[in-house]
Amino acid sequence: MKTFYVTTPIYYANGEPHAGHAYTTIAADALARYHRIKGNEVFFLTGVDEHGANIDKTAETEGLSPQAFCDKLAPIFTKLWERLNISNDIFLRTTSELHKRGIKKFLTALYESGDVYKAPYEGYYCRPCERFFPEKELADDKICPIHKLPLEWVKEENYFFRLSKYQDRLIQHYNENPDFVYPESRRNELLNVLESGLEDTSISRSSVSWGIPLPFDPEHIAYVWIDALPNYITALGYDADSERYHKFWPADVHMMAKEITRFHALLWPAMLMAANLPLPKQIVAHGWLTKDGEALSKTRGIFIDMDGDIGTYGVDAFRYYLLREFSFGNDGDYRPARLHARYNADLANDLGNLLNRVLGLVNKNFDEIPVPTTPDDIDEEIKGMAQTTVDQLDAQMETLAFDTALETIWEFVRRVNRYIQQTEVWTLTKPETKPRMGTILYNSLEALRFISVLVSPFIPDTAEKIQKQIGLTEFDTVAEWGRLPAALKVSKGEPIFPRVDLKKEKAPKSDAVKPKQKSDKKTTDLISFADFQKLDLQVGNVISAEPIEGADRLLKLQVDLGTEKRQVVAGIAEHYKPDILIGKQVIVVVNLEPATIRNVESQGMILAASGDSVVLATPETEVPLGTKVR
RNA sequence: GCCGGUGUAGCUCAGUGGUAGAGCGCACGACUCAUAAUCGUGUGGUCCGGAGUUCGACUCUCCGCACCGGUACCA
């Protein structure tokens, strides 16, 4: 028996899961379920990554200890996975003892490889900021750009992993395993990165407290990614050298969204090489979801209403839509209108109605599933198509082409509808034609059983419902023609996908949208009024604006402050056309030390609201140039 | 800016150096077993624009435009 180990990332648990997480997890689930029905022994991992400064910070704003915060969040993930019918074998938390033991062992192995070294990190350190400032960011006076306080020269010991050493071996691995990173576009990107050179990476943080101490130096905490990536082996029982670990590692597929491929496809394999462990077989990156053409955004309130859509159409429709309409490597645009269309056309009309009409005919004409006694050419054709459908499906799943895989199954669904149409079964009620009717209905039911098997990785609930309605008591996972026993009692048949009317759907809309308020956020990084007063902010007028050669985001502005003119570089080119800016009043940080960006001197900065979009801060009504802002 | 990708019917996408394809949508017809379902027929495209190679290009080359991704700049 073949084994198959598939993972999702362990999601960073500093907020609630969203549709992007759901997409990755559903895709991985479909893959896992597919391999199960193929008879492979599958292990499917998902989980949460619970350490690091960000979680610490978020917990603090909620007034919780980091552990309490994680304990609160983890069940939100597991509940969603239950709702989405995710068949994971483990839900790994990095705060679990299993993981901590494994990490300890792994980091020890890494350390013993000789590729971890302690290096003094020295530089200008700002106590209030708790960070170092690279020399190139500082002017001659060496004061903190934020606090305007003198910086200390501090030496800190830090652990580094000799990532650079693995550059060549990684390139070689990529070349020898063309499918190591999929899709190819990602692979090429990473090869570019590899060829331009890797730098050693810091693997510890001494300023962070929420995490796992390095086993060889407990004063230092493992950097989150160093803590997180090995979860794929710790979850298998790497710590105890368990049987499961040996059975399933190396993983067959690490599935993830595209933004984290770097860590998985460079750092993780290098770490494994250092620890002398086998590499995962494939790193798979899918695209992002947008909603009606817009990027998802918490601040702008653009999100996918999973809850609402699942409520309206059901989990399987949601899964079906994501897997059917989005082609893997690319970004996918989530559109409720498309979900609706898919639901009615593919699920309700094609599949749901097929089941219903066949069951109706059986019930009306037979007491139980009839025995096929009068074979015909057309029956053979159906049987043949069942087999070719399986073959095509196998090929498509090999490349994770869920969309075409489902299309292939649906071609068969439509063929069965046509079979019924062509044979006009419903007319064959006379005694002499009744056996033929029985044969056709048997074949139709068997086709439905067959379809239910093929469809089960994608829409598992539906698959079960179909078999149950056909009269099978135990789910049959084998896609071989002719396994359906005759003489079963068929159920009356409730529509498995009742049509959804757009009108009805409108009702529960009003209360759905409201984005959640971030409540009583405690601010910890307070500055004194004196600190604030150090800022010299003035109103200026943009008198010219032009793009900077070789920079997509930068504009060179001349700003008139009344008493003087300043040249300022601003990173707003993506949001403002130069001509629009001219004549606009802006707020300028006047006493900012000058800097040279892209060979252009910038004597200050202009203020803008900067989130998903960038909007200039400007006085509400026009004021004299040089007016102080405070 | 540099590197890579994409641009084909209203929508989602296949596709090939030789007269353009599927599903959905839409129109018409058939059927009435079924969830106003199904089946058939049809509608619909300057295959991003321009130039070139070729007997012939949507398919190859070059230039350009748009969008996407990676990377640099973001005071």
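Now for a quick tour of the structure. This structure is a prediction, so every number in the text was calculated from the model and none was measured.

Some details on the overall build of chain A
Looking only at helices and strands, chain A features 20 helices and 26 strands. Put simply, chain A has 630 residues, and 50% of those count as buried. Long-range contacts, defined here as pairs at least 24 residues apart, represent 73% of the contacts in chain A between residues at least 6 apart.

Section: the pattern of salt bridges
Summed over the entire model, instances satisfying the criterion amount to 31 salt bridges. Arg324 is the salt-bridge partner of Glu407, the closest N and O atoms lying 2.9 Å from each other. One end of the pair, Glu407, is in helix H15 (residues 402–423); the other, Arg324, is in helix H12 (residues 315–325), and 83 residues separate them in sequence. When its relative accessible area of 24% is taken as the criterion, Glu407 is described as partly exposed. Here Arg324 falls in the buried class, since its relative accessible area comes to 13%. Connected via shared salt-bridge partners are Arg324, Asp350, Glu407 and Arg414.

Let's talk about the protein's contact with RNA strand B
For RNA strand B, the set of nearby residues contains 43 residues, the closest of which are Asn353, Arg357, Arg553, Leu592 and Gly604. Separating a phosphate oxygen of RNA strand B from a side-chain N or O atom of Arg262 is a distance of 3.0 Å. For RNA strand B, a phosphate oxygen lies 3.0 Å from a polar atom in the side chain of Arg499. When contributions to the surface near RNA strand B are tallied by element, the ones reaching two or more residues are helix H6 (184–196), helix H13 (336–365), H15, strand S19 (565–570) and strand S21 (595–597). Residue composition of the surface near RNA strand B, grouped by class: 16 nonpolar, 11 polar and 16 charged.

Let's talk about the packing of helix H14 (residues 377–398) against helix H16 (residues 434–455)
One can describe the packing of H14 onto H16 by two numbers: an axis separation of 10 Å at closest approach and a directional angle of 5°. For the element pair H14 / H16, the angle class is roughly parallel. Only Arg436, Thr439, Asn443, Phe450 and Leu454 of H16 make contact with H14, whose side of the interface consists of Ile378, Asp379, Ala386, Thr389, Val390 and Leu393. Of the residues in the contact of H14 with H16, the class split is six nonpolar, three polar and two charged.

A look at the side chain of Asp49
Looking at the secondary structure, you find Asp49 in strand S2 (residues 41–49). Beyond its immediate stretch of four places on either side in the chain, Asp49 contacts Ile10, Tyr11, Tyr12, Ala13, Ile55, Thr94, Val224 and Ala228.

Considerations on the sheet that holds strand S14 (residues 289–291)
Strand order across the open sheet formed by three strands is S15-S14-S16, with mixed pairing between neighbours. With partners counted over all chains shown, the strands left at the sheet margins are strand S15 (294–295) and strand S16 (332–334), one partner each. By the bridge criterion, two bridges tie S14 to S15 in an arrangement that is antiparallel. From the neighbouring strand, Lys291 faces S15, where its bridge partner is Glu294.

A few points about the packing of aromatic side chains
One pair of aromatic rings is described through two measures. These are the centre distance and the angle between the planes. For the structure shown, the criterion picks out 28 aromatic pairs. With centroids separated by 6.3 Å and ring planes inclined at 65°, the aromatic side chains of Phe106 and Tyr238 adopt a geometry described as edge-to-face. You can see Phe106 sitting in helix H4 (residues 97–112) and its partner Tyr238 sitting in the loop between helix H8 (231–234) and helix H9 (243–248), a full 132 residues away along the chain. For the pair shown, Phe106 and Tyr238 are each scored as buried. Connected via pairs of aromatic rings, a cluster forms that spans Tyr5, Phe43, Phe106, Tyr232, Tyr238, Tyr245, Phe248, Trp249 and Trp268. Looking at Lys105, its charged tip hangs above the ring of Tyr238, at a distance of 4.6 Å from the centre. The ring of Tyr223 has Arg205 sitting right over it, with the charged end atom 4.3 Å from the ring centre.

Quick notes on the sheet that holds strand S9 (residues 204–205)
In space, the three strands of this open sheet follow the order S9-S11-S10, with antiparallel pairing throughout. Each of the sheet's edge strands pairs with one partner strand only, and the pair in question is S9 and strand S10 (213–214). One ladder, built from two bridges, connects S9 with strand S11 (residues 217–222); its direction is antiparallel. Looking at the pairing, Ser204 lines up with Ala222 of S11.

Considering the environment of Ala28
Position of Ala28 among the secondary structure elements: in helix H1 (residues 19–37). A sequence separation of 20 residues divides Ala28 from Thr8, and the C-alpha atoms of the two residues are 6.5 Å apart. Ala28 has contacts with Val6, Thr8, Phe44 and Met255, leaving out every residue within four places of it along the chain.

Considerations on the nonpolar core
Ranked by internal contacts, the top residues of the largest apolar core, which has 105 residues, are Leu84, Phe402, Trp410 and Phe458. Ranked by residues supplied to this core, first place goes to H16 with 12 residues. When sequence neighbours within four positions are dropped, the list of residues in contact with Trp410 reads Tyr320, Asp346, Leu347, Asp350, Leu351, Val455 and Ile459. Leu214, Tyr245, Trp268 and Ala275 belong to the second-largest nonpolar core, a separate cluster that totals 58 residues.

Section: helix H3 (residues 66–83)
Taking 1.5 Å per residue, 18 residues should reach 26 Å; H3 reaches 26 Å between its end C-alpha atoms and fits that length. For H3, the set of buried residues is Pro66, Phe69, Cys70, Leu73, Ala74, Phe77, Leu80 and Trp81. One side of H3 carries all its buried residues, which in axial view fall inside an arc of 130°. Pointing more than 90 degrees away from the buried face of H3 are the exposed residues Lys79 and Glu82. Two residues or fewer past H3, Asn85 is found with a positive phi of approximately 65°.

Thresholds applied
Residues numbered from 1 in each chain as written. Chains lettered and ligands numbered in written order. Predicted model: local features only at pLDDT ≥ 70, side-chain atom pairs only at ≥ 80, totals over all residues. Heavy atoms only, no water. Helix = DSSP H or I, 4+ residues; strand = E, 2+ residues; numbered from the N terminus. Buried < 20%, exposed > 50% of the residue type's maximum accessible area, 1.4 Å probe, protein only. Contact = heavy atoms within 4.5 Å. Salt bridge = Lys/Arg side-chain N within 4 Å of Asp/Glu carboxyl O. Near = heavy atom within 4 Å. Polar contact = N/O pair within 3.5 Å; in protein donor to acceptor, adjacent residues only side chain to side chain. Nonpolar A, V, L, I, M, F, W, Y, C, P; charged D, E, K, R; others polar. Axes fitted to C-alpha atoms, helices over the stretch in contact; angles between N-to-C directions. Parallel < 35°, antiparallel > 145°, perpendicular 65-115°, else oblique. Pairing = 2+ DSSP bridges. Phe/Tyr/Trp six-rings, centres within 6.5 Å; stacked < 30°, edge-to-face > 60°. Lys NZ or Arg CZ within 6 Å of the ring centre and 35° of its normal. Core = buried A, V, L, I, M, F, W, Y, C linked by side-chain atoms within 4.5 Å. Expected span 1.5 Å × (residues − 1). Arc of directions from axis to C-beta.

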